[in-house]
Amino acid sequence: MRGSLDRAIYYATAPIRLFGRSLWFRLTLGAVCVAAGFFAATLWALNRFVPADTGVETALAIMNPPPPLQAVTRSSYVIAPVAIALSAIRRNMDAAAPRELAGKNDNPVSSLLSKADIGITVARGAFAISGQPNELAITTPIDGTLRVTGQIATQAGNITGSITGLLDRSLGSDVGKLTNRVLDQRADLRGNVVVHARPAITANWRLEPNLTSQVALADSAVTLAGLKITVASEAKPLIDREVNAQVASLQTRLRNDPFIERAARAQWAKMCRSIPLGGDKTGLPRLWLEMRPVRAAAAQPQIDGRNVTLTIGVQADTRITPAQSKPDCPFPAQLELVPPMQNGRVAVGVPIDVPFTELNKLLEAQLKGHHFPEDAAAPVGVEGRGARIAAAGDRLLISLRVKAHEKKSWFGFGAEATVNIWGKPVLDANNQVLRFTDLSVAVESEAAYGLLGAAARAGIPYLQSALADNAVIDLKPFAADAKKKIGLALADFEKSSEGVRVTTAIDDLRLTGIAFDSATLRVIAEADGTAAVAVSELPRM
């Protein structure tokens, strides 16, 4: 056993002994080292200062370039329910309506009195409001006094014919006995007033309240010098007249008040703007999302037990611009009246334009420095060194700079080479990434010398497989930035004024399609969210 070990050591150290004994061996080994160093330096210099033709231009020349991307405008819309609390309507009407009314009546009984007055004083209580489909009911109790002062006229003998239905006929013969008697009688009256409203919005941005009123008085009577007079009959004409006058005045004010148009103009101006995308610390290109409202529509108010809800929708054109713009957004003179709409929805169409220079950075992050295949037993190893993308026809050309080396020999020959692979871009909307399918080699790898080129070519199948698994462009940063910036823009609407609270939110941003030309990839995104307006106080009438 020891003899075998000694022989192995002897033969293993033979080159060392030969190096020390033979001058020719030392010269030959030195020449080989110098040649290898010169060969490596030459390869480095060629790759560094005289790079080989990558074949990209040749491959692109075969294909027709894609047509330039046209300026695209997407339609976006906001549908917001404006819920006006019934309590706000009640407080507003309670503050605006007079609490007392007084007057004198002119009726058949008055003609029987000389120098007589029939005065009525009425005070109302607090308003109560209730809602049911398509109608509001505003109710208030009234409480007052009817007072009769004066004298019975000398012609009272004709009273039977004059006050038929108001006085007891059996007392007519006694009226003559009461001539010239001074009277001062009082009687209480109670009842309620109900105002019904069926509000409707009109095409000229106004509210048509459609008000009607009804007065109901409790039955009561006053004895006037032995004659029984019905209080409700005396008081109701006056109260009807005053209530109708107040309702007509309120209806005119509401019909002419531009409060809906005024509020709509303010929000319209907020929507007409450019929203910044990317830039700052995002690492994304600075772009602007221009929003230009073009259309407004509304559905008729819906009424329930708590709110009057007016649903208003605004459609806007949105497009991406390279610089901030100032869109022209004329306010529509007419409001489109439409059937009930889906409540509380925001949908913003966003075309996101990404230059290929940015995509190159993202693709390099996926491939540069990575080694393929992962199987250590593979005959060839490939390391990604760089990547760039070019477009032609309906495909993208992925130009990869790789370093390939073969593993079969002890020398591990290899070199840097450029591999051009065609791929069809496909949007993976669920994962928000861009993948490449239908991969095929466009131009064979170029290497400095034959043996090294063979190593690069042997690595191409592994590289294609690696591209299918790893060459994806993550679009999540673009989607997340667009979602964030749109959300911040909508937050401007949430700056609530007194009695008005606006809530908006962007819940999701979906990628729905892609397009590209020779310089830019366009990703079509749609942001979905919610919007609502709650009104707890109304401006005083």
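Look up: the structure comes first, before these words.
Summary of the structure given here. Every value quoted in this text rests on a predicted model; they were computed, and no experiment measured them.

1. Topic: the overall build of the chain
Looking only at helices and strands, one finds 12 helices and 25 strands in the chain. For the chain, with 541 residues in total, the buried portion stands at 42%. The contacts of the chain with a sequence gap of at least 6 include a subset with a gap of at least 24, amounting to 70%. Carbon and sulfur atoms make up 56% of the accessible area of the chain, which amounts to about 28400 Å² in all.

2. Quick word on the pattern of salt bridges
Considering all chains together, one arrives at 21 salt bridges under this definition. Asp474 is paired through a salt bridge with Lys476; the nearest N and O atoms lie 3.5 Å apart. In this structure Asp474 comes out as partly exposed when scored by relative accessible area, which is 27%. One salt-bridge network, held together by shared partners, links Arg74, Arg345, Arg510, Glu526 and Asp528.

3. So, the side chain of Thr309
Mapped onto the secondary structure, Thr309 falls in strand β15 (residues 307–321). For Thr309, the contacting residues outside a window of four places in its chain are Pro81, Val82, Ala83, Gln300, Pro301 and Gln302.

4. What about the packing of aromatic side chains?
Summed over the entire model, instances satisfying the criterion amount to 2 aromatic pairs. Summarising the aromatic geometry, the rings of Trp205 and Phe331 are spaced 4.9 Å apart at their centres and angled 35° between planes, so their arrangement reads as tilted. Of this pair, Trp205 sits in the loop between β7 (200–201) and β8 (207–208) while Phe331 sits in the loop between β15 and β16 (336–337), and the two are 126 residues apart along the sequence. For the pair Trp205 and Phe331, a shared accessibility class is recorded, and that class is buried. A ring pair is formed by Trp268 and Phe331, whose centres lie 5.5 Å apart and whose planes are at 80°; its orientation type is edge-to-face. Of this pair, Trp268 sits in helix α8 (residues 259–271) while Phe331 sits in the loop between β15 and β16, and the two are 63 residues apart along the sequence. Assessed through its relative accessible area of 5%, Trp268 is described here as buried. Residue Phe331 is classed as buried on the basis of its relative accessible area, which comes to 16%. A connected cluster of aromatic rings, assembled from ring pairs, spans Trp205, Trp268 and Phe331. Of note, Arg124 hangs over the ring of Phe127, and the distance from its end group to the ring centre comes to 4.5 Å.

5. Remarks on helix α9 (residues 356–367)
What sets the pattern is the α-helix's 3.6 residues per turn: residues three or four places apart point alike. In this model, α9 (12 residues) spans 16 Å end to end at C-alpha, consistent with the 16 Å of a helix rising 1.5 Å per residue. Of the residues making up α9, those classed as buried are Phe356, Glu358, Leu359, Asn360, Leu363 and Leu367. Once α9 finishes, Gly369 follows within two positions and takes phi at roughly 85°, a positive value.

6. So, the environment of Val523
When you line up the elements, Val523 lands in strand β25 (residues 520–535). Taking the C-alpha atoms as reference points, Val523 and Gly513, separated by 10 residues in sequence, lie 5.9 Å from one another. Setting aside chain neighbours within four positions, we find Val523 in contact with Val350, Pro351, Ile352, Leu475, Leu511, Gly513 and Ile514.

7. Observations concerning α8
Helix length check: α8 (13 residues) gives 19 Å between terminal C-alpha atoms against 18 Å at 1.5 Å per residue, within 8%. Restricting attention to buried positions, one finds in α8 the residues Ile260, Glu261, Ala264, Trp268 and Met271. One face of α8 carries all of its buried residues, which in axial projection span an arc of 85°.

8. What about the nonpolar core?
Residues Leu136, Leu189, Ile239, Leu289 and Val350 are the most contacted members of the largest nonpolar core, which totals 103 residues. Here this core takes 9 residues from helix α7 (residues 231–256), the largest share from any one element. Those residues in contact with Leu136, other than ones at most four positions away along the chain, are Leu86, Ile89, Ile129, Ser130, Gly131, Val195, His196, Ala197, Ile303 and Val308.

9. A short note on the state of the cysteines
Taken as a whole, this structure holds 1 disulfide when the rule is applied. Here Cys272 pairs with Cys329 through a disulfide, and the sulfurs are 2.0 Å apart. Residues Cys272 and Cys329 are joined through a disulfide that is right-handed, its torsion about the S-S bond being 75°. Residue Cys272 is located in the loop between α8 and β12 (273–277), and its partner Cys329 is located in the loop between β15 and β16; the two are separated by 57 residues in the primary sequence.

10. Remarks on unusual backbone geometry
If you check the backbone angles, Asn134 has positive phi at about 70° while not being a glycine. You can see Asn134 is positioned in the loop between β4 (128–132) and β5 (135–152). Positive phi, normally seen in glycine, also occurs at Gln432, with a value near 55°. By secondary structure assignment, the location of Gln432 is in the loop between β21 (414–428) and β22 (433–446).

11. Considering the environment of Val433
If you trace the backbone, Val433 turns up in strand β22. Sequence-distant contacts of Val433, that is, excluding residues within four places in its chain, are made with Val426, Leu427, Asp428, Ile473, Asp474, Leu475 and Lys476.

12. Let's talk about the environment of Asp188
Inspection of the secondary structure assignment puts Asp188 in strand β6 (residues 182–197). Note: C-alpha distance between Asp188 and Gly144 (44 residues apart in sequence) is 5.9 Å. What Asp188 contacts, discounting residues up to four positions off in sequence, is Gly144, Thr145, Ser220 and Val231.

13. Quick look at the side chain of Ser325
For Ser325, the location among the structural elements is in the loop between β15 and β16. With relative accessibility at 19%, the residue Ser325 sits in the buried group. Residue contacts for Ser325: discarding those within four places in its chain leaves Ser274 and Glu290.

Parameters and conventions
- Residues numbered from 1 in each chain as written.
- Predicted model: local features only at pLDDT ≥ 70, side-chain atom pairs only at ≥ 80, totals over all residues.
- Heavy atoms only, no water.
- Helix = DSSP H or I, 4+ residues; strand = E, 2+ residues; numbered from the N terminus.
- Buried < 20%, exposed > 50% of the residue type's maximum accessible area, 1.4 Å probe, protein only.
- Contact = heavy atoms within 4.5 Å.
- Areas by Shrake-Rupley, 256 points an atom, 1.4 Å probe, with all protein chains shown as cover.
- Salt bridge = Lys/Arg side-chain N within 4 Å of Asp/Glu carboxyl O.
- Phe/Tyr/Trp six-rings, centres within 6.5 Å; stacked < 30°, edge-to-face > 60°.
- Lys NZ or Arg CZ within 6 Å of the ring centre and 35° of its normal.
- Expected span 1.5 Å × (residues − 1).
- Arc of directions from axis to C-beta.
- Core = buried A, V, L, I, M, F, W, Y, C linked by side-chain atoms within 4.5 Å.
- Disulfide = S-S within 2.5 Å.

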